Amino acid sequence: MELHPHKLWHFHGGLHLPAHKELSTQLPLLPAPLPAPLPARIVLPLQQHIGEPTQVLVKPGDQVLKGQLIAEAKDYVCAPIHASTSGTVIEVSEQRVPHPSGQRAPCIVIEPDGDDRWTDELPAALPDYHELDGATIRQRARACGIVGLGGAAFPTAVKLNPQHPIDTLILNGAECEPYISCDDTLMRTHAHDILEGLRIIRQATLANTCIIAVEADMPDALISLRNALGGDEVDGIRITSVPTIYPTGGERQLIKVLTGHEVPSDGLPLDIGVLCHNVGTAQAVYQAVAQGKPMLSRIVTVTGGGVKQPRNLEVLLGTPMAELIAACGGYTDSVERLIMGGPMMGFALESDEVPVIKSTNCILAAAKNEIAKPAPAMPCIRCGECARVCPARLLPQELYWHSMARDLDKTQDYNLFDCIECGCCAYVCPSNIPLVQYYRFAKTEVWAQERDKQASDIARRRHEFRLERLERIKQERAEKHARKKAALKQNKDASGDTGKAAIQAALERVRAKKAATQVQAKNIDNLTEAQRRKIEAVEKRRQEKQQTK
Amino acid sequence: MHFNTLTSPHLAPTSSVAGVMRQVIYALVPGTVAMIWYFGWGVLINLVIGVTVALVTEAIMLYLRKRPIALFLSDFSAVVTAWLLVLALPPLAPWWLITIGVAFSLVIAKHLYGGLGYNPFNPAMAGYVVLLISFPVEMTTWLAPRMLAETQLGFLETLTAVFTGQLPAGISWDAITAATPLDSMRTQLGLNQTIDEIRTSPLWGDFGGKGWEWIGNWFLLGGLWLLYKRVINWRIPVSMLTALFIIASVLYLSDPDTHPLPAFHIFSGGAILGAFFIATDPVSASTTPFGRIIYGASIGLLVFIIRTWGGYPDGVAFAVLLMNMAVPAIDHFTKPRSFGHKSYGD
Ligand code: SF4
Ligand code: SF4
């Protein structure tokens, strides 16, 4: 892939949103731990990342030290958990966690002893990362529990192990959602660490070019990175300011803006030789490799008209959000909604008694006047505004129509799964239709159907196996019989051909039967007629698609 | 502390259906005032009748369909429909004509199809065409613009005319009516007159008919404001007027004696009103970017074809309705290429 040095591209659609970042950037970053005594409880969910859950290594009553491994990663796509402070494990149980479903999840609860004492079993600091090979860096990132800090929380070690050669390594500092300023803060305060982290990631992935993308409305972050780097483009690293259009910070959108290339819908950035990491992740990688520090804290923006002194804080993982709010002066009277993440893609929390986890970038305590009032939706007037702003260049009005009609097949024809749920469409919709909600619903429905389908596939396969086994037994019997017969015959006239013929015939029968079952036997009896038809239609479409490919 | 949860996005939307419709109404005001100025009180009286009938009909239909009346009445969509229909009616149209037209637009063309957002045809144009076919005489009795009329009716006289069909003593229909420019253009062409001969008549202004061309300008102003406000998208009006202009130019250049100037087509009849206010009705128009170009350009072509070779003087209403029928097909074949896909359907 050829990189055009300083040109920037556009993606379709997007929005200019009021940024409200100044709200939380007036006060300086508050370093961890909070100046107040440590929180009374630290709650660490066993799963703070995308992938498989971790395995608990401690039990209630155990003393743990800061940085100690308390839940290990057995699977490949997994990130271990470390105690973020020293204290006693008081519970390993289901606790409220920040999740859109509002469900509880298994957590380790630690009662801090207040000493914040480090373990002496930390991995060694490796300041000379230039000497390191990719495997060592990956192992270190994995051992230290690093996950993507841009919000997705995908285990970083997996992303440091690219299956394709990397051409362009992008550090995403384009924090495009309103209100959130944790990356901005990090870039202003820890530019050196970010650059070192970038170099380590480059070392691990052997990327040619590195680009750090910063939004145009973060001049201070830009200056501080520039100072740390010693210019705009030094030693294969370029700092680029990208236009402030929501959602420029979306991975695929940012790649388009910087390289002009679109990541294929069914592919990964890797497929076009690009790797994208968040600036916070780079810093965490730096700390893990050069300082041997596992991931114990992160910067969180606490902001919105619902909190008295919005600011950025460095917070120990597991700290209850209520403590952060308290550290920011408490709620104002007009607080209405508590959102983890930004106002466009974040999800509303039921309670502030949930812990900060690795993916908590922002806690938005929104005041009444900052968020939408629940209002009735009107019918779609087909104005096409949604399509004008959709960064995935979909036709949201058609997606809405078919989601509403539960025509899942059609929603996929209109590329439902390319929707990044950015909310641009709903924001501009004059009919006030909760469009994104419909798309989420349709996606879950499709997944559920796929699961049903998978279950029926498994049942079908089981059925086929059984048929095959029965046939095999039959065949074996026939063979035995034939052999016996042949032996008898051999005894008579020493000719062994019939046995072979019998085996041949039996094999033929198996084949014929197998072909027949493949066409018919689908275990879809327990589905309704409509579901069955839909599955059949989807199946057909898939086959057609495969044929045309 | 506990909070209510609602799903993202959390920011309040920036526009509303009522807001959109209100802006359309504002944009119609300059052209409407111009019409009142050139054609007298009849336009205003018609408008009041039309809007009143629209609100009552809409309320009844919402009640019958068990829909929230206040919510939907206050979206102003019925007002816009009535307003557009009234602008297309002759200034002294009798009250019952307006009532039938508006009622048809809303009951049949809108609510029987499922109400706001579901109507495949532009309701105002559906109402207009039904009136044109059913009451051709009333629908083609146009007034002369003020500079050409022998006399002008006062407010009360107009009111009487609208409600009783009686003109004041001493004034004949002939004295106040005149053919529309499009109408007279086609009649005269039918009499084998050349364009130059036709244009010697006092009826004509710089591009189109006197008075009419100015009304067109005021609607254009409103339309441009809607574009500026991003209430409408440029694709449909631009492609419609461009297509109309190009085909009119081609024929004008090929035979200037029998084909009027392209500007005449743009500034006569409902071309500008149609381009900015009628063809852009979101519900019945194409919604894909390229589809809108096809939709608009096809309307422009059809308008020209109907005006030149069809049986009716103006073709905007027919062209819009015909293309309304084509919208599902247009939308289907002009889906944009989604991000990360090589082509549509990939
Ligand atoms: S913005 Fe809303 S009303 Fe307009 S087309 Fe999209 S869904 Fe329909
Ligand atoms: S939420 Fe989905 S459909 Fe809506 S604008 Fe974003 S990507 Fe497009």
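As shown above, the structure is provided for reference.
Below is a summary of the structure that appears in this document. Everything numeric in this text was worked out from a predicted model, so none of it was measured. Note on numbering: residues in each chain are counted from 1, in written sequence order. Note on labels: chains are lettered from A, ligands numbered from 1, in written order. In view of the model being predicted, local features appear only for residues whose pLDDT reaches at least 70, and side-chain atom pairs are presented and counted only at 80 or more, with totals across whole chains, interfaces and linings using the full set of residues. Derived side-chain values reflect all non-hydrogen atoms in the structure, with water molecules and hydrogen atoms excluded from consideration.

**With respect to the overall build of chain B**
- Each helix is a run of H or I in the DSSP string that is no shorter than four residues. Each strand is a run of E no shorter than two, and both are numbered from the N terminus. When helices and strands are counted, chain B shows 17 helices and zero strands.
- Here the radius of gyration uses the C-alpha set of atoms, whereas the globule reference equals 2.2 Å times the residue count to the power 0.38. For a compact globule of 346 residues, the expected C-alpha radius of gyration is about 20 Å, and chain B comes in at 21 Å, within 12% of that figure.
- The 346 residues of chain B split such that 54% are buried.
- Here the contacts in chain B between residues at least 6 apart in sequence split such that 75% fall between residues at least 24 apart.
- Working definition of accessibility: Shrake-Rupley area with a 1.4 Å probe, residue cover restricted to the visible protein chains. For chain B, the accessible area works out to roughly 14700 Å², and carbon and sulfur atoms hold 67% of it.
- Where the 17 positive side-chain charges of chain B centre and where its 17 negative ones centre are 18 Å apart. Summary of the burial criterion: residues with accessible area below 20% of their type's maximum are buried, those above 50% are exposed, and those between are partly exposed, where the area comes from a 1.4 Å probe applied to protein chains only. Residue contacts are defined here by distance: any two heavy atoms, one from each residue, within 4.5 Å place the two residues in contact. Positive charge is attributed to Lys and Arg, negative charge to Asp and Glu, and no charge count is given to His or to the chain ends. Taken as the charge centre is NZ of Lys, CZ of Arg, CG of Asp or CD of Glu, depending on the residue.

**A short note on the overall build of chain A**
- Helix and strand counts for chain A come out as 16 helices and 17 strands.
- Per-residue burial for chain A yields a buried fraction of 53% across its 549 residues.
- Pairs at least 24 residues apart make up 74% of the contacts formed inside chain A by residues separated by at least 6 positions.

**As for the sheet that holds strand E8 (residues 168-173) of chain A**
All names here are of chain A.
- Two strands are said to pair when DSSP picks up at least two bridges between them. Here we have five strands laid out as an open sheet, ordered E10-E11-E9-E8-E12, and mixed in their pairing. In this open sheet, the two edge strands, each paired with only one partner strand, are strand E10 (233-234) and strand E12 (274-278).
- Summarising the sheet, E10 and strand E11 (residues 237-242) pair through two bridges and their orientation is antiparallel. Of the residues in E11, the one forming a bridge with Glu 233 is Arg 238.

**So, the sheet that holds strand E5 (residues 81-82) of chain A**
Residues and elements named next belong to chain A.
- Reading across the sheet, the three strands line up as E2-E4-E5 and stay open at both edges, with antiparallel pairing between neighbours. The strands lining the two open edges of the sheet, one partner per strand, are strand E2 (55-56) and E5.
- Of the pairings in the sheet, the one linking strand E4 (residues 69-72) to E5 comprises two bridges and is antiparallel in character. Its bridge partner being in E5, Ala 71 is matched across the sheet by Ile 81.

**Structural notes on the site of ligand 1**
- Taken together, A:Cys380, A:Ile381, A:Arg382, A:Cys383, A:Gly384, A:Cys386, A:Gln397, A:Cys429, A:Pro430, A:Ser431 and A:Leu435 make up the full set of residues adjacent to ligand 1.
- Each residue gets one label: Ala, Val, Leu, Ile, Met, Phe, Trp, Tyr, Cys and Pro are nonpolar, Asp, Glu, Lys and Arg are charged, and the others, such as Gly, are polar. Residue classes in the shell around ligand 1 are distributed as seven nonpolar, three polar and one charged. When at least one non-hydrogen atom of a residue lies within 4 Å of a molecule or strand, that residue is treated as near it.

**With respect to the pattern of salt bridges**
Residues and elements named next belong to chain A.
- Salt bridge criterion: a side-chain nitrogen from Lys or Arg within 4 Å of a carboxyl oxygen from Asp or Glu. Under the counting rule described, the total for this entry stands at 22 salt bridges over all chains.
- Linking Lys 74 and Glu 72 is a salt bridge whose minimum nitrogen-to-oxygen distance equals 3.3 Å.
- Overall, Glu 72 belongs to the partly exposed group, its relative accessible area being 24%.
- Among the ionic pairs, Glu 196 bridges to Arg 199, the shortest N-O distance being 2.8 Å. Separated by three residues within a single helix, Glu 196 and Arg 199 lie in helix H5 (residues 191-205), roughly one turn from each other. Comparing Glu 196 with Arg 199 shows no difference in burial state: the two are buried.

**Notes on the nonpolar core**
Residues and elements named next belong to chain B.
- To qualify as a nonpolar core, a set must consist of buried Ala, Val, Leu, Ile, Met, Phe, Trp, Tyr and Cys residues joined through side-chain atoms within 4.5 Å. With 93 residues, the main nonpolar core has Leu 28, Tyr 128, Phe 219, Phe 277, Tyr 295 and Ile 299 as its most contacted residues.
- Of all the elements, helix H1 (residues 17-39) adds the most residues to this core, at eleven residues.
- Apart from residues lying up to four places away in sequence, Leu 28 is in contact with Trp 83, Leu 84, Leu 87, Phe 219, Leu 273 and Phe 277.

**Digging into the site of ligand 2**
Residue and element names in this part refer to chain A.
- Around ligand 2 lies a shell formed by Cys 390, Pro 391, Pro 396, Cys 419, Ile 420, Glu 421, Cys 422, Gly 423, Cys 424, Cys 425, Val 436 and Tyr 439.
- Listed by contribution, the elements that provide at least two residues to the shell around ligand 2 are helix H13 (424-428) and helix H14 (435-493).
- Within the shell around ligand 2, the residues separate by chemical class into ten nonpolar, one polar and one charged.

**Re the environment of A:Pro31**
All names here are of chain A.
- One can find Pro 31 in the loop between helix H1 (22-25) and strand E1 (42-45).
- In this structure Pro 31 comes out as partly exposed when scored by relative accessible area, which is 48%.
- The spacing of Pro 31 and Leu 198 is 167 residues in sequence and 23 Å in space, taken between C-alpha atoms.

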